[in-house]
Amino acid sequence: FQDNRIHTSKYNVLTFLPINLFEQFQRVANAYFLFLLILQLIPEISSLTWFTTIVPLVLVITMTAVKDATDDYFRHKSDNQVNNRQSEVLINSNLNLLQIKTENHQMNMCTHTHNFSL
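Anyway, here's the lowdown on the structure attached to this text. As the structure is a computational prediction, the values presented were derived from the model and not from experiment. (Residues numbered from 1 in each chain as written. Predicted model: local features only at pLDDT ≥ 70, side-chain atom pairs only at ≥ 80, totals over all residues. Heavy atoms only, no water.)

**What to know about the packing of helix α2 (residues 28-40) against helix α3 (residues 51-83)**
As a packed pair, α2 and α3 sit with axes 9 Å apart at the nearest point and diverge in direction by 150°. Considering their axes alone, α2 and α3 lie roughly antiparallel with respect to each other. The crossing of α2 and α3 is left-handed. When α2 is examined against α3, the residues Asn-30, Phe-33, Leu-34, Leu-36, Leu-37 and Gln-40 are found in contact with a partner set consisting of Thr-52, Thr-53, Ile-54, Leu-57, Val-60 and Ile-61. Tallied by class, the residues present in the contact of α2 with α3 amount to eight nonpolar, four polar and no charged. (Axes fitted to C-alpha atoms, helices over the stretch in contact; angles between N-to-C directions. Helix = DSSP H or I, 4+ residues; strand = E, 2+ residues; numbered from the N terminus. Parallel < 35°, antiparallel > 145°, perpendicular 65-115°, else oblique. Left-handed = near helix turned anticlockwise from the far one by under 90°. Contact = heavy atoms within 4.5 Å. Nonpolar A, V, L, I, M, F, W, Y, C, P; charged D, E, K, R; others polar.)

Laid out in structure tokens, this is it:
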């Protein structure tokens, strides 16, 4: 059986940087500033230094990445809270109830989940 864990988070430690940068440069404004930065690296056509474009671009990308990281961290916490919630499972139609975590549910289990906070 597939696991029953809930995954609403987008990133993990290894995939955060590449996926986040890919998503950010799909935004038109960030791609535009990257294009301007590349053009400003050519001294024959640039009237300003590359520094005037890279600072705002890095600031915007860093601030957005920090926001995305904190949002994803709270998604991980919420996922863990839901996956570790206890529920009762009916075993063998004998009305024997067993306490298990919701992440361990399998198909064809008759379950009762308590939805209250501790």
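**Brief notes about the packing of helix α1 (residues 16-24) against α3**
Where α1 meets α3, the closest approach of the two axes is 11 Å, and the angle between their N-to-C directions is 120°. Taken together, α1 and α3 sit at an angle that is classed as oblique. When you trace α1 past α3, the crossing you get is right-handed. Of the residues in α3, those touching α1 at Phe-16, Asn-20, Leu-21 and Gln-24 are Val-60, Ile-61, Thr-64, Ala-65, Asp-68 and Ala-69. The residue inventory of the contact of α1 with α3, partitioned by class, reads six nonpolar, three polar and one charged.

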